Amino acid sequence: MITLSSDFGSPYPAAMKGVIAKRTDARLLDVAHDLPRQDVGVGAFWLREVLPYVPPAVHLAVVDPGVGTDRGAVVVRAGEHAVVAPDNGLALPAARRIADEVEPFRLDYEGGAGDWLADPASSTFHGRDVFAPAAARVHEAGVDAVGTIPGITPATEVVDLRLPEPELTDDGAVGEALAVDDFGNVITNVPGAVLEGQFQEWAEANGVRASVRRTYAAVAEGHRLITVGSHGNVELAVNRGRGDEAFGIDTGDRVSLRWP
Amino acid sequence: MITLSSDFGSPYPAAMKGVIAKRTDARLLDVAHDLPRQDVGVGAFWLREVLPYVPPAVHLAVVDPGVGTDRGAVVVRAGEHAVVAPDNGLALPAARRIADEVEPFRLDYEGGAGDWLADPASSTFHGRDVFAPAAARVHEAGVDAVGTIPGITPATEVVDLRLPEPELTDDGAVGEALAVDDFGNVITNVPGAVLEGQFQEWAEANGVRASVRRTYAAVAEGHRLITVGSHGNVELAVNRGRGDEAFGIDTGDRVSLRWP
Amino acid sequence: MITLSSDFGSPYPAAMKGVIAKRTDARLLDVAHDLPRQDVGVGAFWLREVLPYVPPAVHLAVVDPGVGTDRGAVVVRAGEHAVVAPDNGLALPAARRIADEVEPFRLDYEGGAGDWLADPASSTFHGRDVFAPAAARVHEAGVDAVGTIPGITPATEVVDLRLPEPELTDDGAVGEALAVDDFGNVITNVPGAVLEGQFQEWAEANGVRASVRRTYAAVAEGHRLITVGSHGNVELAVNRGRGDEAFGIDTGDRVSLRWP
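Residues numbered from 1 in each chain as written. Chains lettered and ligands numbered in written order. Predicted model: local features only at pLDDT ≥ 70, side-chain atom pairs only at ≥ 80, totals over all residues. Heavy atoms only, no water.

Engineer: I keep staring at the interface of chain B and chain A and nothing clicks. Help me out?
Structural biologist: The parts lose accessible area when they come together, and the size of an interface is often stated as this lost area. The interface is formed by 29 residues belonging to chain B together with 26 residues belonging to chain A. Buried surface at the junction of chain B and chain A, summed over both partners, amounts to about 2300 Å²; 59% is from carbon and sulfur atoms. It is Pro11(B), Tyr12(B) and Thr124(B) in chain B that bury the most area against chain A; as a group they hold 25% of the surface buried on that side. Between chain B and chain A we count 0 salt bridges in total. The interface formed by chain B and chain A includes 10 residue pairs in polar contact (both at pLDDT 80 or more). (Contact = heavy atoms within 4.5 Å. Buried area = accessible area lost by both parts, 1.4 Å probe. Salt bridge = Lys/Arg side-chain N within 4 Å of Asp/Glu carboxyl O. Polar contact = N/O pair within 3.5 Å; in protein donor to acceptor, adjacent residues only side chain to side chain.)

Engineer: Would you explain the sheet that holds strand β3 (residues 58-62) of chain C in this entry?
Structural biologist: Each strand in a sheet pairs with its neighbour through backbone hydrogen bonds, running either in the same direction (parallel) or in the opposite one (antiparallel). Residue and element names in this part refer to chain C. Across the sheet, which stays open at both edges, the 7 strands sit in the order β2-β1-β3-β5-β4-β6-β7 with mixed pairing between neighbours. A single partner strand is all that each edge strand has here, and the edge strands are β2 (28-32) and β7 (152-154). Adjacent strand axes in the sheet meet at a mean angle of 25 degrees when their direction is disregarded. The sheet contact formed by strand β4 (residues 73-78) and strand β6 (residues 102-107) spans 5 bridges and is antiparallel. What sits directly across from arginine 77, in β6, is glutamate 103. Packed on one face of the sheet, helix α4 (residues 126-141) meets β1 (2-6), β3, β4, β5 (81-86), β6 and β7 and runs near 170 degrees to β3. (Pairing = 2+ DSSP bridges. Helix = DSSP H or I, 4+ residues; strand = E, 2+ residues; numbered from the N terminus. Axes fitted to C-alpha atoms, helices over the stretch in contact; angles between N-to-C directions.)

Engineer: What exactly am I supposed to notice about the relation of the copies chain B and chain A here?
Structural biologist: Copy one and copy two of the chain differ by a rotation about a common axis and a shift along it. Of the transformation placing chain B onto chain A, the axial shift is 0.0 Å and the rotation is 120 degrees, giving an RMSD of 0.0 Å. Classification of the inter-copy transformation places it as that of a three-fold axis. Relative to the rotation axis, the closest C-alpha in chain B is found at Arg27(B), a distance of 5.5 Å. (Least-squares fit on C-alpha atoms with pLDDT ≥ 70 in both.)

Engineer: What's the story with the pairing of strand β9 (residues 172-180) of chain A in this structure? I'm lost.
Structural biologist: On any regular strand, side chains alternate: one points to one face of the sheet, the next to the other face. Residues and elements named next belong to chain A. Within β9, 7 of the 9 residues are buried, which leaves the element mostly enclosed by the surrounding structure. Bridge count for strand β8 (residues 167-169) against β9 is 3 bridges, and the pairing is antiparallel. Across the sheet, the residue bridging to leucine 168 is alanine 173, located in β9. Between the end of β8 and the start of β9, which pair antiparallel, lie 2 residues. With 5 bridges joining them, β9 and strand β15 (residues 254-258) adopt antiparallel strand pairing. Bridged to glutamate 176 within β15 is arginine 254. Both β9 and strand β10 (residues 186-191) contribute to a ladder of 3 bridges, which runs antiparallel. Paired with alanine 179 across the bridge in β10 is isoleucine 187. The hairpin turn running from β9 into β10, its antiparallel successor, is 5 residues long, and glycine 184 in that turn takes a positive phi close to 95 degrees. (Buried < 20%, exposed > 50% of the residue type's maximum accessible area, 1.4 Å probe, protein only.)

Engineer: When you look at the nonpolar core in this model, what are you seeing that I'm missing?
Structural biologist: Buried together is how nonpolar side chains tend to be arranged in soluble globular proteins. Ranked by internal contacts, the top residues of the largest apolar core, which has 68 residues, are Leu60(B), Val75(B), Leu107(B) and Ile152(B). The contact partners of Leu60(B), leaving out residues within four places of it in the chain, are Thr3(B), Leu4(B), Ser5(B), Met16(B), Ile20(B), Val84(B), Phe131(B), Ala132(B) and Ala135(B). (Core = buried A, V, L, I, M, F, W, Y, C linked by side-chain atoms within 4.5 Å.)

Engineer: Explanation requested: empty space enclosed by the protein in the structure shown.
Structural biologist: Over the atoms rolls a probe the size of a water molecule, and its path tells where empty space is left. For the structure on display, the rule yields 5 cavities of 30 Å³ or more. Considering only enclosed or pocket space, the largest cavity measures out at about 220 Å³ in volume. Residues belonging to the lining of the largest cavity are distributed by class as follows: 8 nonpolar, 7 polar and 4 charged. Counted as a void, the second largest cavity has a volume near 50 Å³. Around the second largest cavity sit Trp46(A), Glu49(A), Val50(A), Ser230(A), His231(A), Tyr12(B), Ala15(B), Phe125(B) and Arg128(B), which together line it. Counting residues per element, the ones that place at least two in the lining of the second largest cavity are α2 (40-50) of chain A together with α1 (12-23) of chain B. Counting residues per element, the lining of the second largest cavity draws most heavily on α2(A), at 3 residues. Taken together, the residues that form the lining of the second largest cavity break down as 5 nonpolar, 2 polar and 2 charged. (1 Å grid on protein atoms, 1.4 Å probe; cavity = no way out; pocket = protein on both sides within 12 Å on 5 of 7 lines; lining within 4 Å. Points joined across faces, edges and corners; volume = space filled by probe spheres on them. Nonpolar A, V, L, I, M, F, W, Y, C, P; charged D, E, K, R; others polar.)

Engineer: Where do I start with the side chain of Thr124(B) in this structure?
Structural biologist: With respect to the secondary-structure elements, Thr124(B) resides in the loop between β6 (102-107) and α4 (126-141). For Thr124(B), the side chain forms a polar contact with the main-chain nitrogen of Ser230(A), separated by 3.2 Å. In this structure Thr124(B) touches Arg214(A), Tyr216(A), Thr227(A), Val228(A), Gly229(A), Ser230(A) and Val67(B), once residues within four positions along its chain are discounted.

Written out as structure tokens, the structure reads:
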């Protein structure tokens, strides 16, 4: 299986899938192609949340503001999975979630060693010309054999990316809004465990008070709640409404949680 | 084959697909993941219109404003098809369109009897943790054997949902706008047969006059028409424009049709 | 493999896929279902850019403002590929890009000769009732055998569509904006080769000056650039922004390029 994730919208992902289908019969699974444009951090967050639910696969992931510059390209092996991505940190949070040990390789797409590379490769669409053929090649060789593929060599140094960690205090936590989902739920980096014992009470997020509840429907329609989302983190939501608007919090904002 | 329908947007459906792909090699077919948010009636309408065109399959359908509450979960068998959904009526109009007799089963996702259930299951994403594993399990057992699966038992009572029926009169009909599609076409519940003999004439919808025609292009660009849509019902449209805006009618509105 | 392209949004494409899946086990690949609504020229452009990257396949393509009128329906054979589409020119630019010689056939969907046709066929959704079953039938017969299928006969005349050609001058070029992609990049019909020797210089597009660069990130964030896009044509862009807004140019506009 090969999964595909990008911020490409439509119809560019179809060109990547065509390139892959010319090289392998692997099953294809779209994770998302509407990741927030050129936002590596939010892309890394969504990959970390979704990829662990997928069977062992090669994951093609492209959020790539540096396309065509001298930024590198990597394959990160994580157990039976491999993530093929620009060397901008995008792959690492997901890889570390999948496996305790991750092993990065470098895609030598300029050196001419890779027999998998599109010829000629454009400067503006490496998803199609570099990453898609590399993902197909890794799938065909098998994740265990990634190091034997011409043009793919162990990487001594890669761009790291760690999603921000929250600080826990006696009466709350200070974290960050990692993403806002399509429902308008604000997903923080604060672990849901901090709410244990707080259900049926209230809490404040950046000074805005809301009920602490396990389910959206436990508050009246249009009312705010603070809950534990499906990713296990504290989430700011509105039953049948948008949490981001009701709390005034967007991706990347600091989130200060306080309870009585 | 397993089809997937939801109001989840992106990328949550990919987690459901991953969960399924870990359990079965079934082909996956997306019906829609942009169903109107938390609107069970419109979701039920679209499932009824699309699922009959699909080969025998297990249909995973999640529009679920009550997720995490004590609302139940069902599998509705309809001939060679089965719909796995929250017990909120979502599955029934499609199931009844597919087969004359439908047979509901209950998913015991809290009793611990289901060997298929994700452990632990979240309170906020039953699509991933309850319905997706159940759909995979039903697919693997076969629709005929659904009653033999641990944790799936015949249901004596389920939440029913019937889409509203129109009233036909001598010079028209009074119905409801069941949905507005992405083109802006207003799809009513009035059967297209009432227009027989009216083509090349005009009619009124809520007092707004328009030509009755078989095809959009039979009126000039930007002009209103009343036609029979691909679902067989009366549809209010504009050639190369939006019918909902031109007629001032939205989903759920009463639609009064009158002809000369 | 069968690819699908349309301006249908959601969930109508799922009905097409169901119709196909009832007739063949062919792999399905979505190219796009958000092609600009009823714009045959832009649809033809995107098909031309994407389909050559796909392995030999039957390509179902529906942008069809004339649905239900007496416009015809075609299968255009191009090497090992075939494009099934309304007879409005949509298929031809892609077919010509794939193969030097293209061979058009007519789908006799009204004459009753086609054993593949849905019965009854609606007047408003030929994607589901005419083109999807025809694509499945062509796939099952094989592209080489398309002429042996009942109801599919050699076409003597089809609606042609050629994308506009640019004029090259001594100090520039005059072309047209063929499309704007989801990033806001303006894709012109001017071949990228005209920029050879201009990189590290500037140029003007409709009087708006911008750097000529090979990659988006070669200019500062928010700055305009003129580059060669992944389709090989001159593209007007903004690093991490929208070129269409910064240059004031939309699909179909004349683009006058001038360099020093």
